[in-house]
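# Coordinates in review
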Amino acid sequence: MTELKTYLSDGIEYAERAGTGPVLVLLHGIGSNAASFAPLMPYLPIDWRVVIWNAPGYGQSTPLTGNWPVASEYAEALLGLFDRLKLNDVLLAGHSLGTLVAAAFATTYRERVARLLLASPALGHGMARGGALSPAAQSRIDDLQAMGPDAFAASRASRLVYAPDANPDLVARVQRGMAQVQMPGYGQAARMLASGRLLDDAQRLGLPTDVVVGANDRVTPPEGAARAHAALRPQWRGSYTLLPAAGHALYQQDPAGFAAALNVLTEDAREGGQMEVTK
């Protein structure tokens, strides 16, 4: 299997696995980074080219300007990476906060995306930029500043994993990734989450779009994912996949099920995996 290699391009750090086949672009969530997708790589076709960014303010990526960027500004940063890497006709998959960026990108740059996957979708809090933050977003910022990244990650990581006591290695992995968050990038992302309106963007999407969520997701529960799926226009509404043995960190806890939701595994693999698919 070709390994992921890390690069820095005009202020955006990204990991890439070379390939001559279809292109998959992956966008991580608010408490994660590009490296979190490593467990997924063995489940993807060997010829697929995979690009995973560190969002602005994560890893070595330069933060966006301004205290409160919105999803469209992250989408502009993503467009720059698409242009530099000459990415077209891609399968774009966003996880959690990354779904807000993915949907904003796909509504504006429809010609660059062949299909969209919204994984554990964060619906956003619908707050006006510049006003009072939603309590959930404010608490994220306050907790990180008060506790520091290590204690912050330790307090939150187990909530992302289904049956955490039975999966200590996965909890530790999630915790290590979350401990790498930093200001101002995390604060900007929390504010973007506060102003996000995924359901509005879902209604505007004009390309095939699938939704996947862990049945035991405590962060972005299945009820929200079902709302996002229902908001898609019927002609573009793809599959809704529920992974029974996964929590929020679903591509790490059930990488085979996540890969199947990308429509890249065989039907035999779908039937053998732990997943429920509805249309």
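A short tour of the structure in this document, coming up.

Parameters and conventions
Each chain has its residues counted from 1, running along the sequence as written. Residue-level local features of this predicted model are given only where pLDDT is at least 70; pairs of side-chain atoms are given and counted only at 80 or more, and the full residue set underlies all totals for whole chains, interfaces and linings. Heavy atoms throughout the structure, all of them, feed into the side-chain values; hydrogens and water do not. Here's how the labels work: a residue is buried when its accessible area is under 20% of the maximum for its type, exposed when over 50%, partly exposed in between, all with a 1.4 Å probe on protein chains only. Under the scheme used here, helices are H or I runs from DSSP no shorter than 4 residues and strands are E runs no shorter than 2 residues, and both carry numbers assigned from the N terminus. When DSSP finds two or more bridges between two strands, those strands count as paired. Classification of ring pairs rests on two measures: the distance between centres of Phe, Tyr or Trp rings, Trp counted by its six-membered ring, which must be within 6.5 Å, and the angle between planes, read as stacked under 30 degrees, edge-to-face over 60 and tilted in between. By definition in these notes, contact holds between two residues if any of their heavy atoms fall within 4.5 Å. Here, a salt bridge means any Lys or Arg side-chain nitrogen found within 4 Å of an Asp or Glu carboxyl oxygen. Side-chain atoms within 4.5 Å link the members of a nonpolar core, which is a set of buried Ala, Val, Leu, Ile, Met, Phe, Trp, Tyr and Cys residues.

## Looking at the pairing of strand β2 (residues 12-17)
Counting buried positions over the six residues of β2 gives six, a clear majority of the element. Neither face of β2 is open: one carries Ile12, Tyr14 and Glu16, the other Glu13, Ala15 and Arg17, and all of them are buried. Bridge analysis of strand β1 (residues 5-9) against β2 gives five bridges, and the strand direction is antiparallel. Note that in β2 the partner of Lys5 across the bridge is Glu16. The antiparallel hairpin formed by β1 and β2 contains two residues in its connecting segment, where Asp10 sits at a positive phi of about 50°. Bridging between β2 and strand β4 (residues 49-53) involves four bridges; their strand directions are antiparallel.

## Details of the environment of Ala166
Within the fold, Ala166 resides in the loop between α3 (135-156) and α4 (168-178). In this structure, the C-alpha to C-alpha distance between Ala166 and His95, residues 71 residues apart in sequence, is 24 Å.

## Comments concerning the packing of aromatic side chains
Any aromatic ring pair is given by two values, namely how distant the centres are and how the planes are angled relative to each other. Counted under the stated rule, the structure contains six aromatic pairs. For the ring pair Phe82 and Phe105, a centre distance of 4.5 Å and an interplane angle of 45° mean the geometry is tilted. On the criterion of sequence distance, the pair formed by Phe82 in helix α1 (residues 71-85) and Phe105 in helix α2 (residues 97-108) is long-range, its members being 23 residues apart. The exposure classification of Phe82 matches that of Phe105, with both residues buried. Aromatic rings pair up to connect Phe37, Tyr251 and Phe258 into one cluster.

## Points about the side chain of Arg49
Tracing the backbone through its elements, the reader meets Arg49 in strand β4. Taking relative accessible area as the criterion, Arg49 reaches 18% and is therefore assigned buried. Not counting residues within four places of it along the chain, the set of residues in contact with Arg49 comprises Glu16, Arg17, Ala18, Gly19, Gly21, Pro22, Val23, Leu24, Leu85 and Leu87.

## Re the pattern of salt bridges
This structure, assessed with the given rule, holds seven salt bridges. Here Arg112 ties to Asp83 by a salt bridge, and the two come within 2.9 Å at their closest N and O atoms. With a gap of 29 residues between them, Arg112 in the loop between α2 and β6 (113-119) and Asp83 in helix α1 connect regions that are remote in the sequence. Residue classification places Arg112 among the buried positions, given a relative accessible area of 11%. One salt bridge in this structure joins Asp201 and Arg204, with 2.3 Å as the shortest N-O distance.

## Some words on the nonpolar core
The nonpolar side chains of soluble globular proteins are, as a tendency, buried together. In this structure, Val25, Trp53, Leu92 and Phe105 are the most contacted members of the largest nonpolar core, which totals 71 residues. Among the elements that make up this core, the one with the highest residue count is α1 (nine residues). Residues contacting Trp53, with those up to four places away along its chain left out, are Ile12, Glu13, Tyr14, Leu26, Leu27, His28, Ala34, Tyr74, Ala77, Leu78, Leu81 and Val101. Core analysis: the next-biggest nonpolar cluster, separate from the first, contains 23 residues, Leu24, Leu26, Ala119 and Leu262 among them.

By themselves, these are just geometric observations and shouldn't be taken as functional.
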